[in-house]
Protein chains: 2
Amino acid sequence: MTTFRVTQTDAHSHARLGTFTTAHGDIPTPIFMPVGTAGTVKAMLPTMLKEIDAKIILGNTYHLYLRPGHELVRQLGGLHKFMVWDRPILTDSGGFQVYSLGDLRKITDEGVTFRSHLDGSLHTLSPEISIEIQQALGSDIMMCFDECTPYPADRGYAAKSLALSMAWAARCKRCHGEAQQTPERLVNQGQLLFGIAQGGMYADLRKQSVEQLAEIGFDGYAIGGLSVGEPKPLMFEVLEQTTPLLPQDAPRYLMGVGTPLDLVRGVAMGVDMFDCVLPTRNARNGALFTRRGQLSIKQAQYRDDPRPIDEACVCYTCRNFSRAYLRHLFMSKEILSSMLNTIHNLHFYLDLMSRIRNAITESAFHEFHAAFTREYVEEEGA
Amino acid sequence: MTTFRVTQTDAHSHARLGTFTTAHGDIPTPIFMPVGTAGTVKAMLPTMLKEIDAKIILGNTYHLYLRPGHELVRQLGGLHKFMVWDRPILTDSGGFQVYSLGDLRKITDEGVTFRSHLDGSLHTLSPEISIEIQQALGSDIMMCFDECTPYPADRGYAAKSLALSMAWAARCKRCHGEAQQTPERLVNQGQLLFGIAQGGMYADLRKQSVEQLAEIGFDGYAIGGLSVGEPKPLMFEVLEQTTPLLPQDAPRYLMGVGTPLDLVRGVAMGVDMFDCVLPTRNARNGALFTRRGQLSIKQAQYRDDPRPIDEACVCYTCRNFSRAYLRHLFMSKEILSSMLNTIHNLHFYLDLMSRIRNAITESAFHEFHAAFTREYVEEEGA
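Residues numbered from 1 in each chain as written. Chains lettered and ligands numbered in written order. Predicted model: local features only at pLDDT ≥ 70, side-chain atom pairs only at ≥ 80, totals over all residues. Heavy atoms only, no water.

### As for the domain arrangement of chain A
Residues and elements named next belong to chain A. Here chain A is described as being made up of domain 1 (4-275) and domain 2 (283-375). Every contact between the two is made by 33 residues of domain 1 and, on the other side, 26 residues of domain 2. Between Arg319 and Glu51 there is a salt bridge whose closest N-O contact spans 3.5 Å. Counting across the interface, domain 1 meets domain 2 through four residue pairs in polar contact (both at pLDDT 80 or more). At the level of elements, strand E2 (16-22), strand E3 (25-29), strand E4 (31-33), helix H1 (46-51) and helix H10 (260-268) are the ones that each hand at least two residues to the side of domain 1 that touches domain 2. Top element by residues in the side of domain 1 that touches domain 2 is H10. It accounts for seven residues. Looking at the side of domain 1 that touches domain 2 residue by residue, the class counts come to 21 nonpolar, six polar and six charged. (Domains from an automatic or database assignment. Contact = heavy atoms within 4.5 Å. Salt bridge = Lys/Arg side-chain N within 4 Å of Asp/Glu carboxyl O. Polar contact = N/O pair within 3.5 Å; in protein donor to acceptor, adjacent residues only side chain to side chain. Helix = DSSP H or I, 4+ residues; strand = E, 2+ residues; numbered from the N terminus. Nonpolar A, V, L, I, M, F, W, Y, C, P; charged D, E, K, R; others polar.)

### Some remarks on the packing of aromatic side chains
Within a pair of aromatic rings, the relevant descriptors are the distance that separates the centres and the angle that separates the planes. By the definition in use, this model includes 30 aromatic pairs over all chains. Measuring from centroid to centroid gives 4.8 Å for Phe32(B) and Tyr349(B), while their planes differ by 55 degrees, and the two rings are tilted. On the criterion of sequence distance, the pair formed by Phe32(B) in strand E4 (residues 31-33) and Tyr349(B) in helix H14 (residues 335-361) is long-range, its members being 317 residues apart. Residue classification places Tyr349(B) among the buried residues on the basis of a relative accessible area of 0%. Cluster of aromatic residues (ring-pair linked, three or more members): Phe32(A), Phe289(A), Phe348(A) and Tyr349(A). Over the ring of Phe236(A) we find Arg265(A), and its NZ or CZ is 4.1 Å from the ring centre. (Phe/Tyr/Trp six-rings, centres within 6.5 Å; stacked < 30°, edge-to-face > 60°. Buried < 20%, exposed > 50% of the residue type's maximum accessible area, 1.4 Å probe, protein only. Lys NZ or Arg CZ within 6 Å of the ring centre and 35° of its normal.)

### Quick notes on the interface of chain A and chain B
Listed as interface residues are 39 residues of chain A and, on the opposing side, 39 residues of chain B. Summed over both sides, the interface between chain A and chain B buries roughly 3,300 Å², with carbon and sulfur atoms accounting for 66% of that surface. At the boundary of chain A and chain B, one finds two salt bridges. One salt bridge in this structure joins Lys42(A) and Glu334(B), with 2.6 Å as the shortest N-O distance. The interface formed by chain A and chain B contains 14 residue pairs in polar contact (both at pLDDT 80 or more). (Buried area = accessible area lost by both parts, 1.4 Å probe.)

### Here we look at the packing of helix H9 (residues 232-242) of chain B against helix H10 (residues 260-268) of chain B
Residue and element names in this part refer to chain B. Orientation of H9 relative to H10, taken along the N-to-C sense of each, is 25 degrees, at an axis distance of 11 Å. With respect to H10, the axis of H9 lies roughly parallel. Here H9 runs over H10; the crossing is right-handed. Listed contacts from H10 to Lys232, Met235, Phe236 and Leu239 of H9 are Asp262, Arg265 and Gly266. Here the residues of the contact of H9 with H10 are counted per class, giving three nonpolar, one polar and three charged. (Axes fitted to C-alpha atoms, helices over the stretch in contact; angles between N-to-C directions. Parallel < 35°, antiparallel > 145°, perpendicular 65-115°, else oblique. Left-handed = near helix turned anticlockwise from the far one by under 90°.)

Below is the structure:
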């Protein structure tokens with residue numbers, strides 16, 4: 001089944017326009033996926049997510065497995081029904097959170113044993129268990145369970161880690177294939193599976209990873225193990241080397257990235273999908289995105305500022321509320337502060353992707369890229 | 001100017017149906033006013049407040065005076081514009097919060113000196129200052145600055161406190177009248193002013209209070225100093241004595257009350273307006289209203305319950321979400337928990353008032369009152 005169709009390519013870069021078909025509808029690419037960790041995109045009503053036209057969201061397997069538990073979600077009809085979201089959902093494998101949030105106990109060929117960050121209880125995740133959880137959640141796109149190679153990692157570690165991830169990828173594929181034999185037992189019969197390229201910062205390992213994944217064969221390919229602490233120039237160096245190696249006829253997903261500039265640059269390198277907590281987390285911290293960079297709403301200069309966050313923005317927040325009001329809500333720690341800020345920041349990200357798609361459509365991505373880079377000021381360390 | 005019109009009265013009780021006209025539109029009575037303390041009804045988007053058809057909301061003078069400051073709100077066009085709410089707003093006088101939240105320093109005939117609960121800074125409120133603040137906020141209904149007589153209070157204290165409140169009421173009226181001479185200087189040229197009856201739990205003092213207020217003349221009359229710690233039977237005893245004494249042709253407002261049963265009973269005694277933090281505060285604590293009483297969503301019995309909070313409810317939350325999901329959100333401390341719970345609880349309160357109005361319209365309030373009291377179980381101390 002062909003689920004991805006590239007409809008246009010850019011003459012000056014690897015940017016491309018496409019349509020990705022899932023069991024819950026088509027997604028135009030390049031796309032950004034808001035993060036809905038625990039069965040909710042934090043501070044957003046589903047109606048508001050639709051108003052800003054989120055086409056697909058991400059759910060976190062690790063969190064949902066621990067609470068409320070994947071069997072409960074399965075019993076209630078799957079994650080779409082549970083959280084009342086009828087558009088596509090991608091679930092990660094839980095691997096990244098096991099390493100970053102859980103108290104890691106042991107990695108073996110079989111899988112990973114860890115303690116929950118919630119209550120210290122002991123759990124095991126493996127390729128088979130991760131796929132089983134994602135099947136219970138019924139997401140449209142599942143991710144392979146892998147080890148996210150940390151940074152820095154020497155060549156030996158990165159190679160060993162890669163070998164493990166590739167063996168696990170094959171097991172995920174097998175597990176997914178077996179489940180397809182009895183589709184009537186699945187929450188979502190149209191689930192797709194993406195492989196994840198690893199290999200640390202080593203070009204030859206990345207190449208090897210991509211080849212092995214393509215050999216196994218997946219519905220899409222992710223670039224994992226980036227944005228894990230390495231300098232940004234290095235991230236883009238690896239991305240630039242890796243992306244062209246990925247199959248042309250499948251979507252490419254850069255995991256956990258990034259800032260608005262990262263997105264534009266990633267698209268130029270041929271990335272089709274992104275996810276990041278930045279817009280939602282920054283919203284709750286009062287850092288709001290504009291076309292010229294981020295604005296910290298708590299600053300005294302906004303105390304009596306009657307203007308919207310961004311005069312060019314058409315989101316619900318900017319159509320209605322002043323910086324002065326948003327500053328007041330933030331200083332007063334009102335829940336509405338997180339709500340209005342999240343609407344704005346997610347709208348900014350989704351609108352940016354829409355502008356990127358329009359630019360590619362109009363064969364003007366090169367100019368868009370240059371203009372955006374000129375206008376947008378990314379602070380150090382952002 | 002006649003702003004209040006009683007359109008129907010109940011044959012079996014003092015319940016009455018009316019229309020109250022303000023500068024931002026008509027309000028059908030009996031009505032419940034959601035509390036929007038700091039320029040926001042906590043966890044509610046204005047669009048959602050309109051979806052549940054809130055006709056009027058309340059703003060807190062004490063909070064808005066301290067943060068962001070009434071002069072800032074005036075400069076930005078008044079509270080309606082600041083918080084983007086184009087329907088009626090009632091502001092309290094700040095008096096109650098000075099006593100309950102502030103660190104009270106001194107009460108004199110002139111006014112009250114207190115320290116802010118936010119930063120300990122020293123402030124003074126007086127009848128004149130309270131009215132000036134409420135004028136800067138531009139609410140549709142202002143409340144007189146008074147002393148909320150505490151419970152218990154002996155007769156001597158209650159009488160002295162009442163005398164002070166009545167002198168202050170006259171000063172509020174004078175201040176309001178003077179401002180009307182130069183309407184062009186007002187944020188809201190159609191502001192109304194309500195007097196507040198005090199007198200503690202002493203029938204003769206309550207009577208005296210009502211007579212003095214009626215003599216001064218206000219656009220509406222509130223019953224203050226109830227629900228301040230006295231036993232509920234005593235509250236209703238005082239209410240039953242006081243309400244019939246209030247002018248028939250003006251709205252009667254029972255401040256800070258109460259539970260669903262309190263509302264139904266208050267209406268039966270002739271009350272037209274209510275406000276209370278109960279639906280919004282309880283929502284954030286996971287206590288949800290149903291026609292049979294409150295439900296604590298955190299209970300284990302709701303873990304896998306696919307039903308809505310209340311199968312008879314048509315609010316956004318009940319139309320879409322299961323108890324299992326709402327429990328998950330609450331246990332996960334997700335912001336969406338407060339949002340969805342608040343929508344439901346406020347809808348419950350507003351819907352209750354709508355059902356009360358319909359019952360009066362259909363000359364069936366007596367039956368409604370009996371059926372509601374039979375079905376609704378109010379827990380001890382609720």
